[in-house]
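# An overview of the molecular structure
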Amino acid sequence: MNSYVEATAHNLGVSLNELGEHSTARALRDDALTRQRTALGSDHPHTLATTRALRWTLDQLGKRPSEPQRSPRWRRAWDRR
């Protein structure tokens, strides 16, 4: 995943959330997060930013999944607002 794709996915997710399309934003962010974890690793700054964005989207949907144990850096990103 290159930086243009990451930036585009992030910006599209922001726009979808602003339009109230939280379910679509979630699907986009879930896909981006899976790709980033594979390509960059769970502790990469871009992956952590997508993690925070996904958390916000899930909050908008009223869903807060319990996540498996991750690194302290990942946990801080997940917990940060």
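Model, not experiment: these values are computed from the prediction.

Our focus in this paragraph is the overall build of the protein. Summing up its helical and strand segments, the protein has 4 helices and 0 strands in all. The buried share among the 81 residues of the protein stands at 28%. The contacts in the protein between residues at least 6 apart in sequence include a share of 52% that link residues at least 24 apart. Only carbon and sulfur atoms are counted for the fraction: they give 51% of the accessible area of the protein, which is about 5000 Å².

With that out of the way, let us pick up empty space enclosed by the protein. In this structure the tally under the stated criterion is 1 cavity of 30 Å³ or more. Looking at the largest cavity, its volume works out to about 70 Å³. Contributing to the lining of the largest cavity are Glu-6, Ala-9, His-10, Leu-28, Arg-29, Ala-32, Gln-36, Thr-50 and Ala-53. Of all the elements in the fold, those that place two or more residues in the lining of the largest cavity are helix H1 (3-18), helix H2 (22-39) and helix H3 (45-61). Tallied by class, residues from the lining of the largest cavity come to 4 nonpolar, 3 polar and 2 charged.

Taking 1.5 Å as the rise per residue, H3 with 17 residues should run 24 Å; its terminal C-alpha atoms sit 25 Å apart, in good agreement. Three or more residues of H3 are buried, namely Thr-47, Leu-48, Thr-50, Thr-51, Ala-53, Leu-54, Arg-55, Thr-57 and Leu-58. Phi turns positive one or two residues past the end of H3, at Gly-62, with a value near 75°.

Looking at where Thr-57 falls in the secondary structure, it is placed in helix H3. Judged by relative accessible area, which is 0%, Thr-57 ranks as buried.

With that settled, the discussion passes to H2. Over its 18 residues, H2 runs 25 Å from end to end, which matches the ideal 26 Å to within 8%, given 1.5 Å per residue. Those residues of H2 not exposed but buried are His-22, Ala-25, Arg-29, Ala-32, Leu-33 and Gln-36. Buried residues of H2 fall within an arc of 105° about the axis and therefore sit on the same side. Along H2, the residues that are exposed and aim more than 90 degrees away from the buried face are Ser-23 and Thr-38. Positioned one or two residues after H2, Gly-41 has a phi angle of 100°, which is positive.

Scoring rules and cut-offs
- Residues numbered from 1 in each chain as written.
- Predicted model: local features only at pLDDT ≥ 70, side-chain atom pairs only at ≥ 80, totals over all residues.
- Heavy atoms only, no water.
- Helix = DSSP H or I, 4+ residues; strand = E, 2+ residues; numbered from the N terminus.
- Buried < 20%, exposed > 50% of the residue type's maximum accessible area, 1.4 Å probe, protein only.
- Contact = heavy atoms within 4.5 Å.
- Areas by Shrake-Rupley, 256 points an atom, 1.4 Å probe, with all protein chains shown as cover.
- 1 Å grid on protein atoms, 1.4 Å probe; cavity = no way out; pocket = protein on both sides within 12 Å on 5 of 7 lines; lining within 4 Å.
- Points joined across faces, edges and corners; volume = space filled by probe spheres on them.
- Nonpolar A, V, L, I, M, F, W, Y, C, P; charged D, E, K, R; others polar.
- Expected span 1.5 Å × (residues − 1).
- Arc of directions from axis to C-beta.

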